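These are the residues of each chain, in order.
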Amino acid sequence: MNHLKMICQGIFILVIGTLISSTSVLAAKDSLTMGMVLEPTHLDPTAGAAAAIDEVVYANVFEGLTRINRSGEVKPALAKSWEISADKTIYTFHLHQGVKFHDGSEFDAEDVVFSLNRAKADDSVNAQKVLFKPIKSVESKGKFSVAVTLFQPTGSFLFNMGWGDAVMVDQASADKNKSNPVGTGPFKFKRWVKGDRIELIKSPGYWGEPAKLNMATFKIIPDPAAAVSAMMAEDVDAFANFPAPESVAQFKSDHRFKVVIGSTEGETILSTNNKKGPFQDLRVRQAIAHALDRQAIIDGAMFGFGTPIGTHFSPHHPAYKDFTGKFPYDLNKAKKLLAEAGYPDGFNATIKLPPPSYARRGGEIIASQLAKIGIKLEIIPVEWAQWIDQVFKNKDYDLTIVSHTEPMDIGIYARKDYYFNYDNPKIQALMVELDATVETGKRYQLLGEAQQIVSDDCVNGFLFQLAKYGIWNKNIAGLWENSPVQANDLTEVYWIK
Amino acid sequence: MRVFLFKRIITMALTLLVATAVVFIALEVLPGDPASVMLGINAEPDTLAALRAELGLDRPVHIRYFSWLGDLLQGNLGISYTYDVPVLELITERITVSFPLALFAIILSTAIAIPFGIIAASFHTRPLDFFVMTFSQLGIAIPNFWFALLLIILFSISLRLLPAGGFAGWDEGLIPALTSLILPTIALALPQSAILARVTRSALLEVLKEDYIRTAQAKGSGRWRTMWRHALRNAMIPVVTIMGLQFSFLLAGTIIIENVFYLPGIGRLIFQAVAQRDLIVVKNLVILLAATVIIINFVVDVLYAVIDPRLRGGNDV
């Protein structure tokens, strides 16, 4: 009787299985299912820091005045052109005409005034409010021109306006964007099955080059092992940020997939409390720099993926300066520096490790590397919420490992209340100068100087640039290989066959 | 029986009240400010203050506790911090995945376990018994997440018959939704059925030694009739106890299985809410789960009385 039952079950599974596989064969190849690890908490990029929000809506649903393209450059978006006044404090943006929000209302200068004022308002909950701080006032100049007046020249202003946090929203729908995002992009929001997937559909009246895909589904798969299964079973077509580096080799050898190891804006660093105990001494920080074997950390913690860095800057950026050779791996020199600083036998310290594997695995390797020069680390694993509370807000830590994923964020070294506790007037002055500089060549030079200072002072242990593991069906073209901003821009994605 | 029920309901209410206090205090002690988790590390202090005020986190602790209790009594579970939708809506959506899953799993595990338990007991010390016991030992030893991975490798990756995970949603039709639940149900049910089969077997063996079984046999009652009419019913008490425990365990056990199969159920919601400090979701969900466990225990007690008439109405309960 039980055999009979098992046979019946088997038949049932077979029948169901054939039904499913036959429907998937029939489906036309103009839709894409993209796997992602974290579910966005909501879909309003102007009211939350979570990268997952931008990974769904940036460029797809919402657009800003400018946009950041796949190589990290600033390009026109809803503003087709702009003029900058001679004193570099007034930006006049000229908007595209005939642009409509997904709910049918027209996009014009009033929406720009509303969006920017909303982001900089006192009660704004914009996670990157600092981007809007330089703005003094916003006025419309006719229906399709807007003048933005700044307090002082701000070199990064156009770049800042390309962030997901600076996208244009409509007054009528702004408050409901969290659950029903209404933007101007080539895709419009279709539905969100909470915990499972978010569906976008091509917007018929898009003002620019229409999307090639008809439909895009973001499937939420938090577990790395489940992500491997979902790709292998082809339940998802692509994973722009694959969460299981240990399985990358398996996909490389599978002819169905394309594996693209790209770069991100994530500088992974051994953050150091510059005002705590032995770490105040430059020689101690230099000793740590000499004791870190970056390649061993990359191999051990990241399965060999990642680019070594010697300062806080992304290696694929034209302004990057390579300082990886400045403090070569040299244990004798490290010990000598420690002895000079008054710690011939080393000392005890703690390292707080947030959940990502780069931190947990990297932390163990670093603890063993620093033990060789006598710095004995006690490993304390913490959750993100604890990390933000203890390390980031209250600066209650000695060392920690974290990847700083915001693009072009070397300016944090000029914030003396930042959790590094690093206070150097030289870099503070340099950042003020950088803010006031608009000309690209000069900006790159200043950025180079800033990298030099940060590297000279060994503010933190600079480890590696976080890699982006992209895995997708080999018939898909147009996905971003690197992530200059945290986004899955699907506007140019299509199936080759 | 009426007094008994009344007493039980009062105890239930008190237990729940204690549970609310424990949950609330635990979440107060838990480090991490929901507002800073939501806004990330670049947020300005005034932005954080604005969000905290919006979430009502700036009020004193005791006021927040009592206003939460008041809301619970009125069935108002509040608005999720992170999703910005009513918590009730969120939970209702997720329950439509977790509850059927737990229910199918308990049905499947019972359907497998009871017959196998009976077979093993009837053929005690013979090869069939040995065979069933070996497999059930294996079933207990295998962790369900690992078993789930094996199922995925076989049915999703190699045979490509079933999806590796995810949930199509009930509004996509019955078949896609049920298909999404086949592998998770099996992964949850088989290890459970192994335990249940062993319990059924040993309970039956115990009962089969009783005098009244010998009497029944002496009266000429056949082997299966004795088993069905006299032995099984008396052996059901421990089996039902274990089933009750298993159902509560299944609700929690789905946390793991829902992660392996990335199903949008209660288990994953709670996991995610803790990580994101969506405290309002965490506390209401935990209370809901506590209430479920308490109610299941109550149902099990009532079932005892149904199974064994001697337990009905007596003052000793």
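In this text, all values refer to a predicted model and were calculated from it rather than measured experimentally.

Enquirer: Teacher, can you tell me more about the overall build of chain B here?
Expert: A count of helices and strands for chain B gives 12 helices and 0 strands. Beginning at the N terminus, the succession of helices and strands in chain B can be written as α-α-α-α-α-α-α-α-α-α-α-α. Of all 317 residues assigned to chain B, the portion counted as buried reaches 36%. At a minimum sequence separation of 6, the contacts of chain B that also span at least 24 residues come to 70%.

Enquirer: Would you take a moment to explain the pairing of strand β6 (residues 135-140) of chain A for this structure?
Expert: Every regular strand shows the same layout, with side chains that alternate between the two sheet faces. All names here are of chain A. Alignment of β6 against strand β7 (residues 145-150), held across 5 bridges, turns out to be antiparallel. Each bridged residue has a counterpart across the sheet, and for glutamate 139 the counterpart in β7 is alanine 147. Following β6, the chain reverses through 4 residues before pairing antiparallel with β7; glycine 142 in that reversal takes a positive phi of roughly 85 degrees.

Enquirer: What should I look at first to understand the environment of isoleucine 256 of chain B in this one?
Expert: All names here are of chain B. Looking at the secondary structure, you find isoleucine 256 in helix α10 (residues 223-260). With 142 residues separating them along the chain, isoleucine 256 and isoleucine 114 place their C-alpha atoms 26 Å apart. Other than its neighbours up to four places away in sequence, isoleucine 256 contacts Asn144 and Phe145.

Enquirer: Can you walk me through the domain arrangement of chain B in this structure?
Expert: One frequently used descriptor of interface size is the decrease in accessible area upon assembly of the parts. Residues and elements named next belong to chain B. Domain boundaries assigned for chain B yield domain 1 (2-73) and domain 2 (93-307). In this structure, domain 1 and domain 2 have C-alpha centres spaced 33 Å apart. Within the residue set of the side of domain 1 that touches domain 2, elements represented by two or more residues are α1 (2-29) and α2 (34-39). Across the side of domain 1 that touches domain 2, the residue classes break down as 9 nonpolar, 3 polar and 1 charged.

Enquirer: Would you mind showing me how to read the packing of helix α5 (residues 87-122) of chain B against helix α12 (residues 279-307) of chain B here?
Expert: Helices that pack against each other are described as a pair by the angle of their axes relative to one another and the distance between those axes. Residues and elements named next belong to chain B. The interhelical angle for the contact between α5 and α12, taken along N-to-C directions, is 55 degrees, at an axis separation of 10 Å. The angle between the axes of α5 and α12 places the two elements in the oblique class. Once α5 is placed against α12, the crossing between them reads as right-handed. Residue-level contacts link Val87, Leu90 and Ile91 of α5 to Ile280, Val281, Asn284, Leu285 and Leu288 of α12.

Enquirer: Would you explain the interface of chain A and chain B in this entry?
Expert: Contacts between the two partners involve 48 residues from chain A and, on the opposite side, 49 residues from chain B. Among the secondary structure elements, those contributing two or more residues to the side of chain A that touches chain B are α1 (2-26), β10 (215-220), α5 (224-232) and α11 (384-393) of chain A. Looking at which element gives the most residues to the side of chain A that touches chain B, the answer is α1 of chain A, with 8 residues. Of the residues that constitute the side of chain A that touches chain B, the class distribution is 22 nonpolar, 13 polar and 13 charged.

Enquirer: Explanation requested: the sheet that holds β7 of chain A in the structure shown.
Expert: Residue and element names in this part refer to chain A. Strand order across the open sheet formed by 4 strands is β4-β5-β7-β6, with antiparallel pairing between neighbours. Either end of the sheet is taken by a strand with one partner, and the two such strands are β4 (79-84) and β6. Adjacent strand axes in the sheet meet at a mean angle of 20 degrees, parallel and antiparallel pairs treated alike. As judged from the 5 bridges shared by strand β5 (residues 90-95) and β7, these two strands associate in the antiparallel manner. In the strand pairing of β7, tyrosine 91 is matched with valine 148. Strands in contact with helix α3 (residues 109-120) are β5, β6 and β7; relative to β6, the strand with the most contacts, it is inclined by about 160 degrees.

Enquirer: Honestly, the domain arrangement of chain A in this entry has me stumped. Any pointers?
Expert: All names here are of chain A. Segmenting chain A into domains produces domain 1 (73-170) and domain 2 (265-467). If you average the C-alpha positions of domain 1 and of domain 2, the two centres end up 35 Å apart. At the interface, 8 residues of domain 1 touch 7 residues of domain 2. Taken together, the residues of the side of domain 1 that touches domain 2 break down into 3 nonpolar, 4 polar and 1 charged.

Enquirer: Just checking my understanding: could you explain the nonpolar core for this structure?
Expert: Here is a general trend for soluble globular proteins: nonpolar side chains tend to be buried in one another's company. One finds Ala227, Met231 and Phe239 of chain A together with Leu183 of chain B to be the most contacted residues of the largest nonpolar core, which totals 209 residues. Looking at this core, the element that brings in the most residues is helix α8 (residues 174-208) of chain B, giving 15 residues. Dropping the residues within four chain positions of it, methionine 231 of chain A is found in contact with Val236, Phe239, Phe251 and Ile471 of chain A.

Enquirer: What exactly am I supposed to notice about the environment of serine 137 of chain A here?
Expert: Along the polypeptide, serine 137 of chain A turns up in strand β6. Separated by 17 residues in the primary sequence, serine 137 of chain A and lysine 120 of chain A place their C-alpha atoms 9.9 Å from one another.

Enquirer: Can you walk me through helix α8 (residues 294-302) of chain A in this structure?
Expert: Along an α-helix, residues three or four positions apart point the same way, because every turn accommodates 3.6 residues. Residues and elements named next belong to chain A. Among all positions in α8, only Ile297, Ile298, Ala301 and Met302 are buried. Axial view of α8: buried residues confined to an arc of 100 degrees, hence all on one face. The positive-phi residue at the C-terminal boundary of α8 is phenylalanine 303, with phi of around 55 degrees.

Enquirer: How should unusual backbone geometry be read in this particular structure?
Expert: Phi is mostly negative for residues that are not glycine, and the peptide bonds are mostly trans. Residue and element names in this part refer to chain A. Located in the positive-phi region is lysine 88, a residue other than glycine, with phi close to 60 degrees. With 17 C-beta atoms counted inside 10 Å, the residue lysine 88 sits in the partly exposed group. For lysine 395, which is not glycine, the phi dihedral falls at a positive 50 degrees. With respect to the helices and strands, the residue lysine 395 is situated in the loop between α11 and β16 (399-404).

What counts and how
Here, residues in each chain are numbered from 1, in the same order as that chain's written sequence. Here the convention is simple: chains get letters from A, ligands get numbers from 1, in the order in which they are written. Local features are withheld for residues below a pLDDT of 70 in this predicted model, meaning they are given only at 70 or higher, and side-chain atom pairs are given and counted only at 80 or more; totals for whole chains, interfaces and linings count all residues. Helix and strand labels come from DSSP, where a helix needs a run of H or I of at least four residues and a strand needs a run of E of at least two; each type is numbered from the N terminus. Remark: C-beta atoms are placed from the backbone, and a residue is labelled buried if 20 or more other C-beta atoms sit within 10 Å of its own, exposed if 12 or fewer do, or partly exposed between those counts. A pair of residues counts as a contact when their C-beta atoms, built from backbone coordinates, are separated by no more than 7 Å. Only strands joined by at least two bridges in the DSSP assignment are considered to pair. Just so you know, the domain bounds were taken from an automatic or database domain assignment. Each residue is assigned to one class: nonpolar for Ala, Val, Leu, Ile, Met, Phe, Trp, Tyr, Cys and Pro, charged for Asp, Glu, Lys and Arg, and polar for all the others, Gly among them. Inter-axis angles, ranging from 0 to 180 degrees, are taken between N-to-C directions of lines fitted to C-alpha atoms, where helices are fitted over the stretch in contact. For classification purposes, angles smaller than 35 degrees are called roughly parallel, those larger than 145 roughly antiparallel, those between 65 and 115 roughly perpendicular, and all remaining angles oblique. Put simply, a crossing is left-handed when the front helix is turned counterclockwise from the back one by less than a right angle, and right-handed when it is turned clockwise. Nonpolar core, as used here: buried Ala, Val, Leu, Ile, Met, Phe, Trp, Tyr and Cys residues forming one set through C-beta atoms within 7 Å. Picture the helix axis, draw a direction to every C-beta atom, and the arc is the one those directions span.

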